[in-house]
Structures are given as structure tokens and as C-alpha cells.
Amino acid sequence: MRFKIPSTFQVGGTDYKVTSKKNLAADRSRYGETAYFSREIHLDPELSSQERESTFIHEVAHVVEDTYACRLSESQVKRMAEGIYQVLRQLEVADAQES
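What you are looking at is a predicted structure, and each value in this text was computed from that prediction instead of being measured. (Residues numbered from 1 in each chain as written. Predicted model: local features only at pLDDT ≥ 70, side-chain atom pairs only at ≥ 80, totals over all residues. Heavy atoms only, no water.)

Caption draft 1: Region of the structure containing unusual backbone geometry. A positive phi angle, near 65 degrees, is found at Asn-23, a position not held by glycine. Its place among the elements puts Asn-23 in the loop between strand 2 (14-20) and helix 1 (24-28). Assessed through its relative accessible area of 41%, Asn-23 is described here as partly exposed. Even without being a glycine, Ser-29 presents a positive backbone phi close to 55 degrees. Residue position: Ser-29 is located in the loop between helix 1 and strand 3 (32-35). Its relative accessible area of 67% is what places Ser-29 among the exposed residues. (Helix = DSSP H or I, 4+ residues; strand = E, 2+ residues; numbered from the N terminus. Buried < 20%, exposed > 50% of the residue type's maximum accessible area, 1.4 Å probe, protein only.)

Printed below as a string of C-alpha cells:
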């Protein structure tokens, strides 16, 4: 089973859109980014499926952190997102194998 990245999602009553943005990794050394003002998550379309999935979870963690004023550092967000992604893979919600 593949993890399906939605085109939109909601956190705290706010809708966010998920879009592709070319060259994030090449030009900015990022796999993804969150644009809070426009309420969008941008993912680099050149990433592998596993990289896109884990980056999506990481960016959602940023949205949750910002929405609920958790005051987490980037390192804390990264570790939390990695843990959540591991659980999703174990539950077969996200499959680490390429399609």
C-alpha cells in the first residue's frame, strides 16, 4: 500500500494545499517547504516516493507546530516527523518500497 499524499488537508480549521515546486532540493537544499501566508506545502517533484512521503509528514509537523504554538526547534520537528513516518510505515500506511 502506498501512502497517498493529499492535495489538501486541514489543521486547526485551516485548509492547506499541497503543491509541487521544482528545484527545491537543487536550488535551496530543501525537499519541501511550508508557505504559511498562502497556506501551502511545496514538495519537490523530483524526490523519490519515500522522500516525498517523509517530507510531507515533516512539513505537516511544521504546520501543527505553528498552529498550536508548540515552539519546537527544527531538530525537534525533524525527529518527531521521522518517528511518525516510521509508525505509518510499520502500520503499512506508508510503504518504503518504490512504486
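Caption draft 2: Here's a closer look at helix 3 (residues 74-90). Taking 1.5 Å per residue, 17 residues should reach 24 Å; helix 3 reaches 24 Å between its end C-alpha atoms and fits that length. Looking only at helix 3, the buried set comprises Val-77, Ala-81, Tyr-85 and Leu-88. In an axial view of helix 3, the angular spread of the buried residues amounts to 65 degrees, which keeps them on one side of the axis. Seen from the buried face of helix 3, the exposed residues on the opposite side, beyond 90 degrees, are Arg-79 and Gln-90. (Expected span 1.5 Å × (residues − 1). Arc of directions from axis to C-beta.)

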